[in-house]
Structure formats: C-alpha cells, structure tokens
Amino acid sequence: MGFNKSQQLKEYMSPLLSAMRDFSEQSVKKQIEHLFIPDCQIKMCFPFGNITGVEGYFDTTYKPLLKAFPNLERRDLIVLAGETPEGNDWVACMGNYFGTFISPFLDILPTGHLTHMRFHEFYRFKRDKVIEVQVIWDLPELMMQSNSWPMAPQLGRFICTPGPISNDGLSAEGDGSESMLKIKNMLTDLCKHPTDPNPKIMNLKKHWHPQFNWYGPAGIGASRGIPGFRNWHQIPFLNAMPDRTVDDKSDFQSKWKADTHWIAEGLYVCETGWPNMQMRLSFDGWMGIAPVNKEIFLRSLDFWKLGEDGLIRENWVLVDLLDMYKQVGIDVFQRLRELNKSKSLGDIYMDDNY
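The structure contained in this document is the topic of the report that follows. (Residues numbered from 1 in each chain as written. Predicted model: local features only at pLDDT ≥ 70, side-chain atom pairs only at ≥ 80, totals over all residues. Heavy atoms only, no water.)

### Some words on the environment of Tyr-268
Along the chain, Tyr-268 falls in strand β11 (residues 268-281). Taking relative accessible area as the criterion, Tyr-268 reaches 2% and is therefore assigned buried. In this structure, the C-alpha to C-alpha distance between Tyr-268 and Asp-175, residues 93 residues apart in sequence, is 9.8 Å. Of the polar contacts made by the side chain of Tyr-268, one reaches the side chain of Ser-166; its length is 3.4 Å. (Helix = DSSP H or I, 4+ residues; strand = E, 2+ residues; numbered from the N terminus. Buried < 20%, exposed > 50% of the residue type's maximum accessible area, 1.4 Å probe, protein only. Polar contact = N/O pair within 3.5 Å; in protein donor to acceptor, adjacent residues only side chain to side chain.)

### What about the sheet that holds strand β6 (residues 129-137)?
Strand order in the open sheet made by the six strands is β2-β1-β6-β5-β4-β3, with mixed pairing throughout. In this open sheet, the two strands that pair with only one neighbour each are β2 (50-52) and β3 (73-83). Strand-to-strand twist in this sheet, taken as the mean axis angle between neighbours without regard to direction, amounts to 15°. Where strand β5 (residues 114-126) lies against β6, eight bridges are found, and the strand directions are antiparallel. Bridge pairing links Arg-124 to Glu-132 in β6. Across the sheet, helix α1 (residues 5-21) lies against β1 (36-44), β3, β4 (89-100) and β5, angled at about 165° from β3, the strand it touches most. Packed on one face of the sheet, helix α3 (residues 54-68) meets β1, β2, β3, β4, β5 and β6 and runs near 60° to β1. (Pairing = 2+ DSSP bridges. Axes fitted to C-alpha atoms, helices over the stretch in contact; angles between N-to-C directions. Contact = heavy atoms within 4.5 Å.)

### Some details on the packing of helix α2 (residues 25-35) against α3
Relative to each other, α2 and α3 sit at 155°, their axes nearing to 11 Å. With respect to each other, α2 and α3 are oriented roughly antiparallel. Crossing geometry of α2 relative to α3 is assigned as right-handed. Where α2 abuts α3, its residues Glu-25, Val-28, Lys-29, Ile-32 and Glu-33 lie against Val-54, Glu-55, Tyr-57, Phe-58, Asp-59, Tyr-62, Lys-63 and Leu-66. Here the contact of α2 with α3 is composed, by residue class, of seven nonpolar, no polar and six charged. (Parallel < 35°, antiparallel > 145°, perpendicular 65-115°, else oblique. Left-handed = near helix turned anticlockwise from the far one by under 90°. Nonpolar A, V, L, I, M, F, W, Y, C, P; charged D, E, K, R; others polar.)

### A look at the layout of surface pockets
Volume-wise, the largest pocket comes out at about 320 Å³. For the lining of the largest pocket, the secondary structure elements donating two or more residues are α1, β3, α5 (177-190) and β10 (260-265). Residue contributions to the lining of the largest pocket peak at four residues, all from α1. Broken down by class, the residue content of the lining of the largest pocket amounts to seven nonpolar, eight polar and six charged. By volume, the second largest pocket is sized at about 200 Å³. Around the second largest pocket, the lining residues are Lys-10, Ser-14, Leu-17, Arg-21, Arg-75, Asp-76, Val-79 and Leu-170. Secondary structure elements with two or more residues in the lining of the second largest pocket: α1 and β3. The leading source of residues in the lining of the second largest pocket is α1, at four residues. (1 Å grid on protein atoms, 1.4 Å probe; cavity = no way out; pocket = protein on both sides within 12 Å on 5 of 7 lines; lining within 4 Å. Points joined across faces, edges and corners; volume = space filled by probe spheres on them.)

### Some words on the pairing of β3
Looking at chain direction, β3 and β4 are connected through ten bridges and run antiparallel. Looking at β4, one finds that Ala-81 is bridged to Val-91. Taking the residues between adjacent antiparallel strands as the criterion, β3 and β4 are bridged by five residues, where Gly-87 takes a positive phi near 100°.

### Comments concerning the nonpolar core
Counting 107 residues, the largest nonpolar core has Phe-36, Tyr-57, Tyr-62, Trp-137, Leu-139 and Trp-286 as its most contacted members. Ignoring anything within four residues of it in the chain, the contact list for Trp-137 reads Met-44, Cys-45, Phe-48, Thr-61, Tyr-62, Leu-65, Tyr-97, Phe-105, Met-117, Arg-118, Phe-119 and Glu-121. (Core = buried A, V, L, I, M, F, W, Y, C linked by side-chain atoms within 4.5 Å.)

### What to know about the environment of His-209
Turning to its location among the elements, His-209 is positioned in strand β7 (residues 208-215). Judged by relative accessible area, which is 15%, His-209 ranks as buried. Expressed as a C-alpha distance, the spacing of His-209 and Asp-22, which sit 187 residues apart in the sequence, is 37 Å. Sequence-distant contacts of His-209, that is, excluding residues within four places in its chain, are made with Asp-309, Leu-311, Ile-312 and Arg-313. Polar contacts involving the side chain of His-209 include one to the main-chain amide nitrogen of Gln-211, which spans 2.9 Å.

### Re helix α9 (residues 332-339)
Within the span of α9, buried status applies to Val-332, Phe-333 and Leu-336. Projected down its long axis, α9 shows its buried positions confined to an angular sector of 95°, all on one face. In the core, the buried residues of α9 are packed alongside α4 (139-145) and α8 (321-327). The opening residue of α9, the one whose side-chain oxygen lies 3.1 Å from the backbone nitrogen of Phe-333, is Asp-331. (Arc of directions from axis to C-beta.)

### Focus on the pattern of salt bridges
In the structure shown here, the tally under the stated rule is 15 salt bridges. For Arg-74, the salt bridge identified is with Asp-76, shortest N-O distance 2.8 Å. Summarising the burial analysis for this pair, Arg-74 and Asp-76 share the class buried. Connected through shared salt-bridge partners, Lys-43, Arg-124, Glu-132 and Asp-259 make up one network. (Salt bridge = Lys/Arg side-chain N within 4 Å of Asp/Glu carboxyl O.)

### A word on the environment of Ile-136
Inspection of the secondary structure puts Ile-136 in strand β6. Residues Ile-136 and His-120, 16 residues apart in the sequence, show an inter-C-alpha distance of 5.5 Å. In contact with Ile-136, not counting residues within four places along its chain, are Cys-45, Arg-118, Phe-119, His-120, Trp-274, Arg-299, Ser-300, Leu-301, Leu-318, Val-319 and Asp-320.

So, in structure tokens, the structure goes:
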C-alpha cells in the first residue's frame, strides 16, 4: 500500500485532538509543545492577533478559555488533510467547543449553561511539526448566547452548527481535485456579478443543491437553499460591497495580495484566506453598518461538502467579523462592556454537592 500523506498528517494531529476531547491544561499543553515548533506562527482572530511561540499561544487563548469553561470539550466534525497545489501540507478542522460557561471570557458574560462556540482551525505542517496555525473562533456566537451581542440583529438563523449530513467528515479520503475545481468554478461564476448586473450570471442553480445549507458566522447567521442564501446573506453583502475581489494573488491592480491555501479530499474542499477578499464598504445594508466608503479585507476559513451529484450540499463559513468591525472603526468589545454595565460581571457558582 502506497504512502498516504493525508492519513499521515491526520495521525500527527490525532493525539492533540484526542487530548482536547477531555480537555485539561496539562495534557493539551503537553501535546501542543510536542506537535508545534517552538517559534510557531499563530494567526488568531480578533482580538487575539498574531502570536509567536507555543507558550504565548496556550496562555493567551486556551488558558482563559479553560477558566471560563472548566469542563471544556472539543468536538471535531470535519478534519481534512493534504498537500496544496503549491506543495504545502495542511490539516483543517471544523467543529464546536462545548462547556458550562461559568466565568467571563474576553468580557463576554457567563451563562451558567452548556454553551457552544464554533471553530475553524488550519494547521500547516513541515514534515511532522506544525509551523503555522490560522484560527477563527466564533466569538459573536458566545455573545449571542450570553444575551449580549452588541451589534445589529443578524438576518440568518442562529443555530449550533451541525456536522455534514453524510456523517463522514472525520473519514473523508480520496482524490479531491475534481471537487476543488468545482468550488473554484463556482467562485468564478459568483464574481461575474455585479460587473454583469443580472444575478443569473452567478449560475447558482448550476453549482448548489436545491436544499443546501449555508452556515455563516454569528452576526450573519445560517440559511437554507438559494432563496435563504440570497435574502439573508448575499443580497445585503453585494449591495454594500459590489466591488469585492476574491483570491486575488496578483499585485497588478491592487496593493493587496491574497494569502490562500486549498486542500480537498473526496467530496470535501476547504480554503484558508488570511485574507482572501478585498472590497470597499460603499453602500448601506450589510449588518447595519453605515457606508463608510472604506476598503476592508476579510479573513475567511471555509469548508464545502459536495453531494454525489456534484452539487454543493453544505458550506461552513467563518469570517473574522470582529476584525472587520475594527477596520471600520467599531470596537465591538467596548460596546459589549457598555451593554453589560448593568449586569453582574462575576463568576457563576454551580453547586455540585449532592
């Protein structure tokens, strides 16, 4: 049997993911120290920012998260691995962190209840060690569950993001080159609009299953089918930013350069984009933000699942929305603190005597 790079990369990741299922500071930190190079470059969503080194990564992110959720557990729903067209090795993970939220986290107030937070995490390997990490945690999802989301109500639905309908997100395998091509062709068609103002130019019915689910980040929300996707996400998005550019890796007409990496296995495809989209927020209508006429860049970590018919059945999207707000001069956390001034800011005591 020949060498399977995807399987090997997943085996490298397995001890860390196993340690995170029954999360303890000692076991998880030990696995991170073993798997990551000492000066690993970690690119975290806002407000964490860029972190260099294992110690800073754990102490800045997981240590306070574990304090807020002392019975924290991680549930991976999709794990993909492989080599990008450029020759880089990546492992991509999507799932939810769960736990009882009893202590404030990033000034987000605890609920005392079982709480969930979606993650999209991409790990770049060099041989058997992680040299780079790109992470978006859906922090607005925590704000909504604590009844303290300080921005405009989202148009899509708020749900605990599920795994694939086929229940095979942890066992994907096989050549994904055809699936990747399908996703890239879909994105090419999307970007034909609004240069051509007819929405039909995007060929949505050609690429998307009639009952597809689109799982956007909290703040945008989830939707179903082309009508849901168009009304609760795409129309407001394109109305506000019709000049958006996706995955532009040239410096010819723009000062920005996309940082994107693609891997695919079987019917699954994923992409890192740090950033992968540039646009000018020129018009009203997107998430209640005024048209500031300012250029912004979006970080996005995405997963797609195709059906056997070759149509996209599910799409999991996390965008670093809090970083986007920061780019247009909105401090979401300051608004959060103002909103919570009249609320109890302490820990929640959970009686475990019985």
